[in-house]
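# Residue-level structural notes
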Amino acid sequence: MKRNRERSLFIVSFLAPAFILFTAFVAVPCVRALLYSLEKWDGFSEPKWVGYENFVLLFNESDIFLIALRHNLILIVAGATCITALSLFFAALLHRRVHGAGLFRVTFFFPNVISSVAISLLWVLLYSTTDFGVINGFLKWLAGGASQLRLPLQWLGRGDVTVDLPYPFVDSKHLIYAVIPMMVWAATGFYLVLFLAAMENIPETFYEAAVLDGASGVAQFFYITLPLIREVLTVGLVFLLIGCLKFFDPIWIMENQFPSKDSHVLATLLYQKVFSEYNVGYGSAVAVLLFVLVFLSTLITLRLSRREALEY
Amino acid sequence: MAANFRKTLTYAILIVWFLAVVLPLWWVFQNSLRSSQEIFRNPFGTPWLFTGAPPDVSPDAPVQAIRDNYFNAWVKSQFSSYFLNSLVVTAASLAGILAFSAMAAYVIARFPFRGNRAVFLYFISGMMVPAQLVLVPLFFEFTYLSRWGSRLLAPLGLEVQLHDTITGLVTIYIALSLPFTILVLTGFFKSLPGELREAGIMDGCGEYRVFWHVMLPLAKPGIVTAAIFNFLGIWNEYLFALVFVNSSDNKTLPLGLAAVSIQAQYKTDFGLMFAGLVIVMIPTLFVYLLLQRHLTRGITLGALKG
């Protein structure tokens, strides 16, 4: 009897800190967020219950929410797709035993450990319309000299920029497109390591058999590698989807902490509505929709990939 | 012939990406060794430090530039303080995350009490919550907690302040990191042999001592992996720091870098800016290179568990 009590005490005392912290600072706020989204509140005065009015406002009041949502979708369609394709490609290359595979794997991961603020500032410089801008410089070089640089530069460089300040690099309207190469540069390493780890777990005999049957490298990739890493691929896709939906830092930094209507993503819109415009209800409605999107996309991805699990 | 061509192409592609990753980082490092004046002459030149100063500038200009950039960043722009804050925030958060997660994970993995599964799922469900969802409610919750806490502890002469303090930021980081860390460590504790605990109990150790002296040391590889992931995440975290820290004395490195970049922009002091970037990038790159085996293994482990 005494032993039992001791055991219970042990269990409770070990669970309590995590349980209390998680409940107080994650679970309760989640519920509160849902309630806030149904209220009209400026953060100071008495909140007013308005039901789902905030959600109606998101879609009706202006197109700012839909533009932000579209930008997140662009990140998913263009960014996540490029990252998946490129990291699978690199993983497949490294999987087939090249010299220095370790060096490539370690180096490609570098951007993943660097602060997103630093990466954003670095890319601001790379995109700059002044002498700093390697990317514009490269396009200029491609276009064959300074006289013809108008055309390729227009989508990257802002026209009214003063030349000695290599900062407001990119037109707000096109910022989301400019962010995609940066995202690919920054994230590919992680997914490469993830997919490579899964590939290295595939028994070598499968490939030996395929070689005997005369299957080409490309065929091996599509008929052996890809099906056998499907579970890990799914996990990677879920991470990517969530990352694209939560995207915040680069937009915030590249817009000098003042994103405009043309450059918002969901997370920056949420921030601005709550902390600059004191519209807690509206901001929380954005947060709730963000959560719903994360939830649904995870669910759908997991569903789609669960058709048949391959045993080997 | 065809095989040879394929091989060359493979290496060419890998080397192009290698350069695309390394060159921008090298460029940042190089420019942190140059004065703004030097950078403006040619943003892509080799530092005068390596090539020797041209005749029209003083011979000790290259060394002076490094001293200026890093002195300005570290002292005048308060990077020393940002660095220290990041260090304290990360260390305190890691200690809390690992201690509380290991305790909870151990109990969940090793003690089949009633409601065990429910508790586990409760924690894990936190992984589906995007941080942005709790951001706004936490902001107001901190106001209430600070007010009520201060009122409660007033007789003891204590004051509770969660806004704009390192304590507040650490609390959030711990709470938000629990789900992931508990998931990883529960898997790890489950994989340890159960007889060890029974042997310890037989020898007359209490549960607490068995946990501390037997199970925790065995779980070290899992704890190291969890620690690296949390370290990278917290050291680089920006959004919550932005919302919860205002005063410049409490800013962490990402916040400080963002602030300094705006300053540097007005003063067109690019040497300062590049030095700041280097100061932010070096610690994580260093830790990564030191512990990359653990990190890769962590990803592998996660990948296989799926």
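Look up a bit, the structure's there.
These notes cover the structure that comes with them. (Residues numbered from 1 in each chain as written. Chains lettered and ligands numbered in written order. Predicted model: local features only at pLDDT ≥ 70, side-chain atom pairs only at ≥ 80, totals over all residues. Heavy atoms only, no water.)

To continue, consider the overall build of chain A. Assigned secondary structure in chain A consists of 14 helices and two strands. Counting across all 312 residues of chain A, residues that qualify as buried make up 53%. Partitioning the intrachain contacts of chain A with sequence separation of at least 6 by distance along the chain shows that 69% fall at a separation of at least 24. When the accessible surface of chain A is summed, it comes to about 14800 Å², and 66% of that surface belongs to carbon and sulfur atoms. (Helix = DSSP H or I, 4+ residues; strand = E, 2+ residues; numbered from the N terminus. Buried < 20%, exposed > 50% of the residue type's maximum accessible area, 1.4 Å probe, protein only. Contact = heavy atoms within 4.5 Å. Areas by Shrake-Rupley, 256 points an atom, 1.4 Å probe, with all protein chains shown as cover.)

Looking now at the overall build of chain B. Counting its secondary structure elements, chain B contains 14 helices and zero strands. Starting at the N terminus and ending at the C terminus, chain B contains elements arranged as α-α-α-α-α-α-α-α-α-α-α-α-α-α. Expected size for 306 residues packed as a compact globule is a radius of gyration near 19 Å; at 25 Å, chain B overshoots this value by more than 25%. Dimensions of chain B, computed from C-alpha atoms along their principal axes, come out at roughly 80 × 75 × 35 Å. Counting only residues that meet the buried cut, chain B has 53% of its 306 residues in that class. Long-range pairs, those at least 24 residues apart, make up 72% of the contacts in chain B with a sequence separation of at least 6. When the accessible surface of chain B is split by element, carbon and sulfur atoms take 68% of a total near 14100 Å². Once the 20 positive and 14 negative side-chain charges of chain B are each reduced to a mean point, those two points are 10 Å apart. (Rg over C-alpha atoms; globule rule 2.2 N^0.38 Å. Lys, Arg positive; Asp, Glu negative; His and termini not counted. Charge placed at Lys NZ, Arg CZ, Asp CG, Glu CD.)

This paragraph deals with the packing of aromatic side chains. Per the stated rule, a full pass over the model turns up 54 aromatic pairs over all chains. On the numbers, 5.5 Å between centres and 70° between planes, the contact of phenylalanine 22 of chain A with phenylalanine 123 of chain B is edge-to-face. Taken as a pair, phenylalanine 22 of chain A in helix α1 (residues 2-36) and phenylalanine 123 of chain B in helix α6 (residues 116-125) lie in two separate chains rather than in one. Judged by centre distance (5.0 Å) and plane angle (85°), the rings of phenylalanine 190 of chain A and tyrosine 191 of chain A are edge-to-face. Accessibility assignment for this pair places phenylalanine 190 of chain A and tyrosine 191 of chain A in one class, buried. Each member of the aromatic cluster is reached from another via a ring pair, and the members are Phe25, Tyr36, Trp41, Phe248, Trp252, Tyr271 and Phe275 of chain A together with Phe139, Phe140, Phe142, Phe240 and Phe244 of chain B. Looking at arginine 96 of chain A, its charged tip hangs above the ring of tyrosine 207 of chain A, at a distance of 4.5 Å from the centre. Its end group placed over the ring of tyrosine 282 of chain A, lysine 273 of chain A keeps NZ or CZ at 4.6 Å from the ring centre. (Phe/Tyr/Trp six-rings, centres within 6.5 Å; stacked < 30°, edge-to-face > 60°. Lys NZ or Arg CZ within 6 Å of the ring centre and 35° of its normal.)

Here the focus is helix α10 (residues 207-218) of chain B. Residue and element names in this part refer to chain B. With twelve residues, α10 should cover 16 Å at 1.5 Å per step; its first-to-last C-alpha distance of 15 Å lies within 8% of that length. By the burial criterion, the buried members of α10 are Glu207, Val210, Phe211, Met215 and Leu216. Projected down its long axis, α10 carries its buried residues within an arc of 145°, all on one side. Exposed side chains of α10 directed beyond 90 degrees from the buried face belong to Arg209, Trp212 and His213. (Expected span 1.5 Å × (residues − 1). Arc of directions from axis to C-beta.)

This brings us to the packing of helix α3 (residues 64-95) of chain A against helix α11 (residues 230-246) of chain A. All names here are of chain A. With their axes 9 Å apart at the nearest point, α3 and α11 run at an angle of 145° to one another. Along this stretch, α3 crosses α11, giving a crossing that reads as right-handed. The residues of α11 that touch α3, namely those facing Asn72, Leu75, Ile76, Ala80, Ile83, Thr84 and Leu88, are Leu233, Leu237, Leu240, Leu241, Cys244 and Leu245. (Axes fitted to C-alpha atoms, helices over the stretch in contact; angles between N-to-C directions. Left-handed = near helix turned anticlockwise from the far one by under 90°.)

All right, on to the interface of chain B and chain A then. Opposite the 90 residues of chain B that make contact, chain A presents 89 residues. Each partner contributes to the roughly 8400 Å² buried at the junction of chain B and chain A, and carbon and sulfur atoms together form 81% of this total. The interface formed by chain B and chain A includes ten residue pairs in polar contact (both at pLDDT 80 or more). In terms of residue count, the dominant contributor to the side of chain B that touches chain A is helix α14 (residues 270-305) of chain B (17 residues). Tallied by class, residues from the side of chain B that touches chain A come to 75 nonpolar, 13 polar and two charged. (Buried area = accessible area lost by both parts, 1.4 Å probe. Polar contact = N/O pair within 3.5 Å; in protein donor to acceptor, adjacent residues only side chain to side chain. Nonpolar A, V, L, I, M, F, W, Y, C, P; charged D, E, K, R; others polar.)

Here we take up the environment of leucine 277 of chain B. Mapped onto the secondary structure, leucine 277 of chain B falls in helix α14. Relative accessible area serves as the criterion here: at 0%, leucine 277 of chain B is assigned to the buried category. Measuring from C-alpha to C-alpha, the distance between leucine 277 of chain B and valine 260 of chain B comes to 10.0 Å, with 17 residues separating the pair along the chain. If near-sequence neighbours (up to four positions away) are discounted, leucine 277 of chain B is found in contact with Ala118 and Leu121 of chain A together with Val28 and Leu257 of chain B.

Moving on: the environment of leucine 98 of chain B. Residue and element names in this part refer to chain B. You can see leucine 98 is positioned in helix α5 (residues 79-110). Note on leucine 98: relative accessible area 16%, which makes it buried. Note: C-alpha distance between leucine 98 and isoleucine 182 (84 residues apart in sequence) is 8.8 Å. Aside from chain neighbours lying at most four places away, what touches leucine 98 is Thr181, Ile223, Ala226 and Ala227.

This brings us to unusual backbone geometry. All names here are of chain B. Unusually for a residue other than glycine, glutamine 78 sits at a positive phi of about 65°. Within the secondary structure, glutamine 78 is located in the loop between α4 (61-76) and α5. Of note, the phi angle at aspartate 164 is positive, near 55°, even though the residue is not glycine. Turning to its location among the elements, aspartate 164 is positioned in the loop between α7 (131-153) and α8 (166-190).

This part covers empty space enclosed by the protein. The tally for this structure, following the rule as stated, stands at one cavity of 30 Å³ or more. Of the pockets and cavities examined, the largest cavity occupies roughly 40 Å³. Lining of the largest cavity is provided by Leu121, Ile253, Asn256 and Gln257 of chain A together with Ala258, Ser261 and Ile262 of chain B. Ranked by residue count, the leading element in the lining of the largest cavity is helix α13 (residues 253-267) of chain B, at three residues. (1 Å grid on protein atoms, 1.4 Å probe; cavity = no way out; pocket = protein on both sides within 12 Å on 5 of 7 lines; lining within 4 Å. Points joined across faces, edges and corners; volume = space filled by probe spheres on them.)

The next thing to look at is the pattern of salt bridges. Residues and elements named next belong to chain B. This structure, assessed with the given rule, holds four salt bridges over all chains. A salt bridge links arginine 34 to glutamate 38; the shortest N-O distance between them is 3.0 Å. In this structure, glutamate 207 and arginine 197 form a salt bridge, with 3.1 Å as the shortest nitrogen-oxygen distance. Residue glutamate 207 is found in helix α10, and its partner arginine 197 is found in helix α9 (residues 195-202); the two are separated by ten residues along the sequence. When its relative accessible area of 15% is taken as the criterion, arginine 197 is described as buried. (Salt bridge = Lys/Arg side-chain N within 4 Å of Asp/Glu carboxyl O.)

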